[in-house]
Amino acid sequence: MIKPLLVSAALLCSLQAGADAIRQTKGDFEDKFRQLDEVLPTPNVYRNAAGEPGHQYWQQQVDYKIQARLLEEKRRLEASQTVHYRNNSPDTLRYLWLQLDQNIFKSDSMAELTTAFAGIGRRGPATEAGDGKKPAKLSMDELRRQQFMADHQLGYDIKDVRDGTGKPLKVTIVGTNMRIDLNQPLKPGQSTEFSLNYAYNIVEENAVSARGGYEHFPKDARAGGNDIFQLAQWFPRLHAYTDYEAWTNKEFLGRGEFTLEFGNYDVELTVPADHIVAATGSLQNAEKVLTREQRKRLKEAEKAKRPVFVVTEAEALENEKEGTNAVKTWRFKADNVRDFAWASSRKFMWDAKGYQQGGDTQPLVMAMSFYPKEGGDLWKKYSTEAVVHTMQVYSRFSFDYPYPVAQSVNGPVGGMEYPMITFNGPRTTLQDDGSRTYSQAEKRFLIGVVIHEVGHIYFPMLVNSDERQWTWMDEGLNSFLDGVAGREWDSDMPWGIEPSEIVDYMVSSTQVPIMTQSDSVLRLGPNAYTKPAAALTILRETILGRELFDFAFKEYARRWQYKRPTPADFFRTMEEASGVDLDWFWRGWFYSTDHVDISLDKVYKLRLDTENPDIDFARDKAQDLDKPMSMSLENNRKQGIREWRELNQDLRDFYDENDRWTVTNKERNKYNKFIKGLEDWERAALERAVQEDKNYYVLEFSNLGGLVMPIILKLDYADGSSETMRIPAEIWRRSPKEVKKLIVTDKGKELTQVELDPRWETADADIENNFYPRRIVPSRVEAYKSEKSKAKIHRDIMQDIKTELKNDDDKDNKQ
Ligand SMILES: [Zn+2]
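Residues numbered from 1 in each chain as written. Predicted model: local features only at pLDDT ≥ 70, side-chain atom pairs only at ≥ 80, totals over all residues. Heavy atoms only, no water.

So, the coordination of the zinc ion
Point 1. The coordination sphere of the zinc ion, as far as protein atoms go, consists of H452 (NE2), H456 (NE2), E475 (OE) and E475 (OE), spread over 1.9 to 2.6 Å.
Point 2. Coordination at the zinc ion is irregular: its 4 donor atoms span angles of 56 to 152 degrees at the metal.
Point 3. Written as a sequence motif, the donor residues of the zinc ion are H-x3-H-x18-E. In this pair, H452 is assigned in helix α9 (residues 440–455) and E475 in helix α10 (residues 471–489), connecting sequence segments 23 residues apart. (Donors = N, O, S within 2.8 Å, 3.2 Å for Na, K, Ca; no water. Tetrahedral: all angles 85-135°; square planar, octahedral: opposite > 155°, others 65-115°. Helix = DSSP H or I, 4+ residues; strand = E, 2+ residues; numbered from the N terminus.)

Take a look at the structure:
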């Protein structure tokens, strides 16, 4: 219930004006709306104040020619490469920096030496730092890793670094980086060429948890088993040279990914002749590596409704029974890509389906999947379809998919992305009856990971953000979009992407702002994936609305396709293109660890004091008589105690007939004088207000979480109707901790209940203080030993459904 409160007409006006100034204590005020310009880098000719590439924007061009040979038995890669480097910068370069990612596996690498015991994993947040109270334990995984590292010589073996004329070049290796000193300074606009030979032993992915490697299948029919090879970060790649950081040669520690240059690739991969190869780029010599039948199927797939097998399961099974000493060379070309990855195995079946995208850029894209029998129906049904779905959704938010292929490859890597090719981990389980089943969680994982990794072909493979520095720029934007694609695939699937699902993280103490360099982030998953994704969902659905958001986001993608955006370019573009000041939003969500918790503390009902004694006195009386009878009086009545005035009626006087609310002409004259004294407009306003007799409500809010956000209200009325009111976050601009808001409703429209953020769209951490009046908190008493509902999706219902119902007489039940 909402308590009425009387105020005079004059007070009603001053109340609003005064609200802004409330609780502004000196020294304690933080301007949540302070503009970001003082934090963002100064705009310049390379990136302008609108968040666009500036009129002198430049980036380097690096083209590679590589010949690589996969030595299957040795699990070793040997290669030679020629690099063509064009200096588009305004600077003269005397040396070049390359990334030697395989050196991360050297026993004396910075990554190895600085990985804290039981600390945060090299790749992701596998384990969080413990609480220090439990005794140290060595996991089986860690033992396996230690043994693998001890048994293998890892890291690059680099030879013959020469310039274009064949002269040796001086190189200096610094951890995972290599500097090549040029024989002549490379002036702006000039190109240079150099070549090198290299080799390394491939890591076993499951032993070391890398971003590529091999997986061994000892149970395959072939003696000694088979492997799947996923080769990534496998060749010495140029570090980016940029306008904002010069060489981006920060040591590779495993987590902060890569910053790369665009270029053209011509790659020859020599592998066992019975292997199937998937790679970045389009295959140049299909007639040499594929059978006539396979080429025919590939052609058929271009217009197929469902994926067509280029290599069938039966053929793959036949293939994996034997091996060969013969080799074949697969040649791929890829234009305007920032990296190159590939996979090779005799275990692969291969399906393909043409995505008829239309348009001028790339009307036909071949969506393809490569997987072993272990992938089962999960892969046959959904992998390639999910690749197509991703392009359909992502292109709506950005640009047409510009490459000829988009691929999903199953192997040991749970999820990794490269231009045109992705590595995805989920599989089926072989049951005793020979069938392959999977849980709903595995299904969600497959569809989700394919969407996510293929989505990365857009961000950051095309919108080329600096992954080493800012994980959120690719993971956050991509997680936001994979959420859009997930909902549009099957909204019943629990994707875990709604803003309300980030709340637990946002109130936790183990967090740093999203704007933190990748290797220093605590809890990478929620920090760089889920929180920015939730923030962008809120920006789209709640703050800007779809029309403004989608326009601005697409503009960002368009501006920076094939280019190198920084966070400031994203923040500025979203603001410039939407026309809405979002500095408070970036500050709160990206630069702070505040959370959202707005509390609706009180609702007052104000009543207009008409000054007319004939109206106001009667109202006062009604309100006074509305009080409950005191206990003493009630008990007196129950006991039949009669009052003196009742028993002595002959002594009544004037005041027994007139009470303190009796109006006399003295008050009426005063009122008439008051009315006469008013200016014309004042009198008109008062008369109209009395006539209309509206309801005036003042709602008091406090901001407990610190993050300023819009106030979204559901107002319920006594007549059964209800309406939603959306107040922009700017209401907090002068008083970020507490605000009051006046709501005026028509006569008869009595407010009965108010609810804040009724659709849980703002990630408000405590919804119980969102109700006025407060509601009874719904909670569940969980029966002892009952299953946690969260685990339900992880059941392999496909297998469990075969379980026979046991009855009490069953023997095995009595054991
Ligand atoms: Zn990702």
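Next comes the rest of the write-up.
Topic: the sheet that holds strand β5 (residues 157–163)
Point 1. Sheet architecture is open: 7 strands sit in the order β5-β8-β3-β2-β14-β18-β16, paired in mixed fashion. Two strands close off the open sheet at either side, each with one partner strand: β5 and β16 (282–283).
Point 2. Both strand β14 (residues 263–272) and strand β18 (residues 327–337) contribute to a ladder of 9 bridges, which runs antiparallel. What sits directly across from P272, in β18, is V327. (Pairing = 2+ DSSP bridges.)

Let's talk about the sheet that holds strand β23 (residues 415–418)
Point 1. With respect to topology, 6 strands assemble into an open sheet ordered β17-β20-β21-β22-β24-β23, the strand pairing being mixed. The sheet terminates laterally at β17 (308–311) and β23, the two strands that pair on one side only. On average, adjacent strands in this sheet sit at an angle of 20 degrees to one another, irrespective of strand direction.
Point 2. With 5 bridges joining them, strand β21 (residues 364–371) and strand β22 (residues 405–410) adopt parallel strand pairing. From the neighbouring strand, M366 faces β22, where its bridge partner is V405.
Point 3. Against the sheet, helix α6 (residues 292–301) makes contact with β17, β20 (349–356) and β21, and its axis sits at roughly 155 degrees relative to β17, the strand it touches most. (Axes fitted to C-alpha atoms, helices over the stretch in contact; angles between N-to-C directions. Contact = heavy atoms within 4.5 Å.)

Some remarks on the confidence of the model for the chain
Point 1. Model confidence for the chain is summarised by a mean pLDDT of 91, while 92% of its residues fall at 70 or above.
Point 2. Contacts from residues 6–21, a stretch scored under 50 in pLDDT, to residues over four places away or in other chains number 21 contacts.
Point 3. Per-residue pLDDT stays below 50 along residues 123–131; that stretch engages in 24 contacts with residues further than four places along the chain or on separate chains. (pLDDT = per-residue confidence, 0-100.)

Some words on the environment of A207
Point 1. Residue position: A207 is located in helix α4 (residues 205–208).
Point 2. Separated by 59 residues in sequence, A207 and F148 have C-alpha atoms that sit 6.6 Å apart.
Point 3. Setting aside chain neighbours within four positions, we find A207 in contact with D141, R144, R145 and F148.

Quick word on the pairing of strand β3 (residues 76–86)
Point 1. Bridge count between strand β2 (residues 61–71) and β3: 11 bridges; the pairing is antiparallel. The residue of β3 that forms the bridge with Q61 is R86.
Point 2. Here β2 hands over to β3 after 4 residues, with R75 in that stretch at a positive phi of 50 degrees.
Point 3. Two elements, β3 and strand β8 (residues 191–201), share 11 bridges in a ladder whose sense is antiparallel. Within β8, the position partnered with R76 by the bridge is N201.

Describing unusual backbone geometry
Point 1. Put simply, F459 and P460 share a cis peptide bond, and its omega is 15 degrees.
Point 2. Turning to its location among the elements, P460 is positioned in the loop between α9 and α10.
Point 3. For the bond running from Y772 to P773, omega is -5 degrees, close enough to zero to count as cis.
Point 4. Inspection of the secondary structure assignment puts P773 in the loop between β33 (771–772) and α21 (797–800).
Point 5. The residue R75 is not glycine, and still its phi comes out positive at about 50 degrees.
Point 6. With respect to the helices, strands and loops of the structure, R75 is situated in the loop between β2 and β3.
Point 7. A relative accessible area of 23% places R75 in the partly exposed class. (Buried < 20%, exposed > 50% of the residue type's maximum accessible area, 1.4 Å probe, protein only.)

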